[in-house]
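The lines below spell out each chain.
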Amino acid sequence: MSSRAFSPWKPLRAAICGLTAASLVLSAGLPAFAQDDRVSLLRDTEIEEILHAEADPLIAAAGMTPKDVTILLVGDKSLNAFATQGQVLGFNAGLILETENPNQLKGVMAHEVGHLAGAHPLRSGDMQNAGLRPMLLTMGLGVLAMLAGAPDAGAMLIGNSGYFGTLGALGFSREQEGRADQAAVGFLEKTGQSSKGLVEFFDKFRYQEVFQEARRFPYFRSHPLSSERIEMLRARVEQQPHYNVVDSPADIERHEIMKAKIVAFTQPQVALIKYGETDKSYPARYARAIAYYRMKDVNRAVGMVDALLTEQPENAYLWELKGQMLFEFARAKEAEYPQRQSVKFKPDAPLLRINLGQTLINLDDPVKRDEGIEMLKRSLLHEDIPDAWRLLAQAYDAKGEEGLARLSTAEYYYSLGGLTEARGFAMRARDLLDKNSIGWRRATDIVLTANPSREDLKDLAKEGVMARP
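No experiment lies behind these values; they were computed from the predicted model shown.

**Student:** Explanation requested: the overall build of the protein in the structure shown.
**Tutor:** A count of helices and strands for the protein gives 24 helices and 4 strands. Pairs at least 24 residues apart make up 64% of the contacts formed inside the protein by residues separated by at least 6 positions. Surface summary for the protein: the accessible area is close to 19,600 Å², and the carbon and sulfur share equals 52%.

As structure tokens, then:
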């Protein structure tokens, strides 16, 4: 996972009201679960690719457009998943690790898609509570700040307990649960997959039914489970034409890679025990390489990744991992080549371009710094990722282009929803950029759309610039 891997998801500004859960994002790798009780939202291009490969057919079967649905990976060891307004699906790392095969995870995904398709988050009685809506909006803003690597700003908007409180408030009724179950079966059947995994997963945690509310996993607090519900679901599932369809070997390996990667990044010592030296499978060797890197044995880790690359020389994620290791251990010159290789094999992955751009602007080479700037700009064509703007500001400052640096900082805060800060930096950028240049006009646009003050409006009016209605 890249050091720049954790950034806001693709419709960043539009998603503010839809995101409702998190309390910290780290800028260098997945955080260990044991570090503290705070919750993290995590990004990793490879894991996201796997999650989308599993969820997108189900989303399409529900009549929705997959690219419009945001999928969050939550760095929490508890068993939980959720669907929220704004077409957002979230899956805790702990839930993914509890699934024994891809079909079980797809079953949970199909169930959450059922909630989304049925607009259950909007219809929940708790969601109609007038006092909850402002809290959700505030939490959404906090999520965006933390996703972009600004935990201090995010902490002012969302408290650690807010994650659990809000997800608890997003509880669904038993009627909605039953409807989501039935919808999930339909989506899985429509895509030619078995619903057996959903029943298996629920059956695995049937004992949660007898626990007191406080002792249940968060998932089964917001998604009430009962033996009657499981048996009703089982009766329908067993009648489906695709009941006996099994996961393909490729699906199973991808699922194991995802789980191995999560364990290795978050609990490296556990990973070395779970994936011992006698396990020669690809996921196990991948996990051990990551674990040694996380334990700061970088030379050993790089050697293990090199061995994997001899088998898979076009694997963009192995090249990404090698580049990440080298960059984070102050070996930026050595990191350049593997990061170039990662972009070569995954040219449409913006996070990989940001990795390379970051390395290039940190080399003592003006030509490569300019290339890094272009690389960061290209990443923004795919996603509006605040971290790319922050790095652009750093690069423009190094070049002495203060106007573009202030404009990039304004874009950074604007993409986070920090309108006051965005407006201030945009006004500074206007003073430094040539009047009527593209940058100057963009800075003016930010000022006009970021709740300008009366003083700002007066200054703009003197220039003949009119505020938008």
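Moving on, there is more to tell.
**Student:** Sorry if this is basic, but what is going on with the packing of helix α15 (residues 298–311) against helix α16 (residues 316–328) here?
**Tutor:** Packed helices, taken two at a time, are described by their axes: the angle between them and the distance between them. Look at α15 against α16: their axes get within 10 Å of each other, and the N-to-C directions meet at 160°. Regarding the angle of α15 to α16, the classification is roughly antiparallel. Read as a crossing pair, α15 and α16 show a hand that is left-handed. Seen from α15, the contacting residues are V298, A301, V302, V305, D306, L308 and L309; seen from α16, they are L318, W319, L321, K322, M325 and L326. For the contact of α15 with α16, the residue count by class is 11 nonpolar, no polar and 2 charged.

**Student:** Could you clarify how one ought to interpret the pairing of strand β4 (residues 88–92) in this entry?
**Tutor:** For a regular strand, side-chain orientation follows a simple rule: the groups alternate between the two sheet faces. Across the 5 residues of β4, 5 count as buried, placing the element largely inside the fold. Taking every second residue as pointing to the same face, both faces of β4 are buried, with V88, G90 and N92 on one and L89 and F91 on the other. As paired elements, strand β2 (residues 70–74) and β4 share 5 bridges and run parallel to each other. Within the sheet, the bridge partner assigned to L73 lies in β4 and is F91. Across 4 bridges, the pairing between strand β3 (residues 81–84) and β4 is antiparallel. Within β4, the residue paired with T84 across the bridge is V88. Count of turn residues in the β3/β4 antiparallel hairpin: 3 residues, of which G86 carries a positive phi of about 90°.

**Student:** Sorry if this is basic, but what is going on with the pattern of salt bridges here?
**Tutor:** Where side chains of opposite charge bring their charged atoms close, a pairing between them can arise. Summed over all chains, the structure comprises 24 salt bridges. Its salt-bridge partner being D251, residue K106 comes within 3.3 Å of it at the nearest N-O pair. Separated by 145 residues along the polypeptide, K106 in helix α3 (residues 102–117) and D251 in helix α12 (residues 249–266) bring together distant segments of the chain. On the basis of relative accessibility, which here comes to 18%, the residue D251 falls in the buried class. Taken together, the shared-partner salt bridges in this structure form one network comprising E336, R340, K368 and E371.

**Student:** So what exactly am I meant to see when it comes to the packing of aromatic side chains here?
**Tutor:** Aromatic ring pairs are described here by two measures, namely the spacing of the ring centres and the angle between the planes. Scanning all chains against the criterion turns up 6 aromatic pairs. Note on Y293 and F329: the rings are 6.4 Å apart at their centroids and 70° apart in plane angle, and the pair reads as edge-to-face. Note that Y293 is positioned in helix α14 (residues 282–294) and F329 in the loop between α16 and α17 (332–345), a separation of 36 residues in sequence. Classification of F329 as partly exposed rests on a relative accessible area of 28%. Considering the side-chain rings of Y413 and F425, the 5.7 Å spacing of their centres and the 10° angle between planes classify their relative orientation as stacked. Taken together, the positions of Y413 in helix α21 (residues 402–416) and F425 in helix α22 (residues 419–432) put the pair 12 residues apart, joining distant regions of the chain. Residue Y413 is classed as partly exposed on the basis of its relative accessible area, which comes to 26%. Put simply, the rings of F265, Y293 and F329 touch in pairs and so form one group of aromatic residues. Above the plane of the ring of F425 lies R428, whose end atom (NZ or CZ) is 4.4 Å from the centre.

**Student:** Would you mind showing me how to read the packing of α3 against α12 here?
**Tutor:** Closest axis-to-axis distance for the α3/α12 pair is 9 Å, and the angle between their directions is 80°. On the basis of the axis angle, α3 is roughly perpendicular to α12. Within the contact between the two elements, α3 uses P102, L105 and K106 and α12 uses D251, I252, H255 and M258. Here the contact of α3 with α12 is composed, by residue class, of 4 nonpolar, 1 polar and 2 charged.

**Student:** How do you make sense of unusual backbone geometry when you look at a structure like this?
**Tutor:** Phi angles above zero are rare outside glycine, and K296 is one such case at about 70°. Positionally, K296 belongs in the loop between α14 and α15. Among the residues examined, K296 registers a relative accessible area of 63% and is labelled exposed. Backbone geometry places A330, a non-glycine residue, at a positive phi of 60°. Looking at where A330 falls in the secondary structure, it is placed in the loop between α16 and α17. The exposed category is assigned to A330, whose relative accessible area is 73%.

**Student:** Sorry if this is basic, but what is going on with the environment of Q269 here?
**Tutor:** Position of Q269 among the secondary structure elements: in helix α13 (residues 268–274). Taking relative accessible area as the criterion, Q269 reaches 57% and is therefore assigned exposed. Separated by 26 residues in sequence, Q269 and M295 place their C-alpha atoms 8.1 Å apart.

What counts as what
- Residues numbered from 1 in each chain as written.
- Predicted model: local features only at pLDDT ≥ 70, side-chain atom pairs only at ≥ 80, totals over all residues.
- Heavy atoms only, no water.
- Helix = DSSP H or I, 4+ residues; strand = E, 2+ residues; numbered from the N terminus.
- Contact = heavy atoms within 4.5 Å.
- Areas by Shrake-Rupley, 256 points an atom, 1.4 Å probe, with all protein chains shown as cover.
- Axes fitted to C-alpha atoms, helices over the stretch in contact; angles between N-to-C directions.
- Parallel < 35°, antiparallel > 145°, perpendicular 65-115°, else oblique.
- Left-handed = near helix turned anticlockwise from the far one by under 90°.
- Nonpolar A, V, L, I, M, F, W, Y, C, P; charged D, E, K, R; others polar.
- Buried < 20%, exposed > 50% of the residue type's maximum accessible area, 1.4 Å probe, protein only.
- Pairing = 2+ DSSP bridges.
- Salt bridge = Lys/Arg side-chain N within 4 Å of Asp/Glu carboxyl O.
- Phe/Tyr/Trp six-rings, centres within 6.5 Å; stacked < 30°, edge-to-face > 60°.
- Lys NZ or Arg CZ within 6 Å of the ring centre and 35° of its normal.

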